[in-house]
Amino acid sequence: MTQSKRIAVTGGIGSGKTEFCSILNKMGFPVFSCDEIYAELLRDKDYLSVLERKFPTCFADGILNRERLARTVFSDEKARKELEKIAHPRIMSELLRRMEEHPLSFAEVPLLFEGGFEGLFEHVVVIVREKENRIAAIGKRDGLSREQILARMNAQCSDEFRKRKQATVIENNGTAEELARQAELFLKKIS
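Residues numbered from 1 in each chain as written. Predicted model: local features only at pLDDT ≥ 70, side-chain atom pairs only at ≥ 80, totals over all residues. Heavy atoms only, no water.

## Describing the sheet that holds strand 6 (residues 123–128)
Part 1: Strand order across the open sheet formed by five strands is 2-5-1-6-7, with parallel pairing between neighbours. Across the chains shown, the open sheet's two edge strands, defined by having one partner strand only, are strand 2 (31–33) and strand 7 (168–171). Averaged over all neighbouring strand pairs, the angle between strand axes comes to 25°, with direction disregarded.
Part 2: On the sheet, helix 1 (residues 17–26) packs against strand 1 (5–10), strand 2, strand 5 (104–108), strand 6 and strand 7 and is oriented at approximately 145° with respect to strand 1. (Pairing = 2+ DSSP bridges. Helix = DSSP H or I, 4+ residues; strand = E, 2+ residues; numbered from the N terminus. Axes fitted to C-alpha atoms, helices over the stretch in contact; angles between N-to-C directions. Contact = heavy atoms within 4.5 Å.)

Here you go:
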């Protein structure tokens, strides 16, 4: 089997990672999402039983209350770290398994640098967007309050930190067409 080339796409919540990955997927590239893998995990009985043991107040009659879990982990750093310790190894293992089947593939990895996962990829793309644009996008997409959005943003590393990493930085403050052009330029750069 030939060595696969894995490229991570990361950035803060509301930066446009999903939009960028969607553009790549429409161009015919396989794209995988840590968020989608996590959604699959939330349907896995073994995983849920581990979560219930660690976060019993987030369950009622064996059913996970996702909103309560989110409130818990975004208001308590220790709880967030505990959830990441449980979820991240499972997510990354499945992500890499899926990516190895392709000579070139992309992965949307929101907490790439926070989890120390950048070394698992041959290249990293960082999508950045102005803070107020991010807040507006998240509010529209998820219906969260400004306070909830800021709690999620504060749980991630800053764009300034991401920009200092060994990565290609793509500014996403324009139109969808401009982001598509940047995707095309990036693909030329790596080919």
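Anyway, onward from the coordinates.
## Points about the side chain of R162
Part 1: Turning to its location among the elements, R162 is positioned in helix 9 (residues 159–163).
Part 2: By relative accessible area, which is 0% here, R162 ends up buried.
Part 3: In this structure, R162 is in contact with G11, G12, F113, E114, V126, Q156 and C157, ignoring residues within four places of it in sequence. (Buried < 20%, exposed > 50% of the residue type's maximum accessible area, 1.4 Å probe, protein only.)

## A short note on the pairing of strand 7
Part 1: The side-chain alternation of strand 7 yields one buried face, formed by T168 and I170, and one unburied face, formed by V169 and E171.
Part 2: Of the pairings in the sheet, the one linking strand 6 to strand 7 comprises four bridges and is parallel in character. When the bridges of strand 7 are listed, I127 appears paired with I170.

## Some thoughts on the packing of aromatic side chains
Part 1: Enumeration over the complete set of coordinates arrives at three aromatic pairs.
Part 2: Ring plane angle 85° and centroid distance 6.0 Å describe the contact between Y38 and Y47, whose orientation is recorded as edge-to-face.
Part 3: On the accessibility criterion, Y38 (17% relative accessible area) is buried.
Part 4: Here F113 and F161 contribute two aromatic rings whose centre-to-centre distance is 6.2 Å and whose plane-to-plane angle is 80°, an arrangement assigned as edge-to-face. Residue F113 is found in helix 6 (residues 112–115), and its partner F161 is found in helix 9; the two are separated by 48 residues along the sequence.
Part 5: Owing to a relative accessible area of 8%, F113 belongs among the buried residues under this scheme. (Phe/Tyr/Trp six-rings, centres within 6.5 Å; stacked < 30°, edge-to-face > 60°.)

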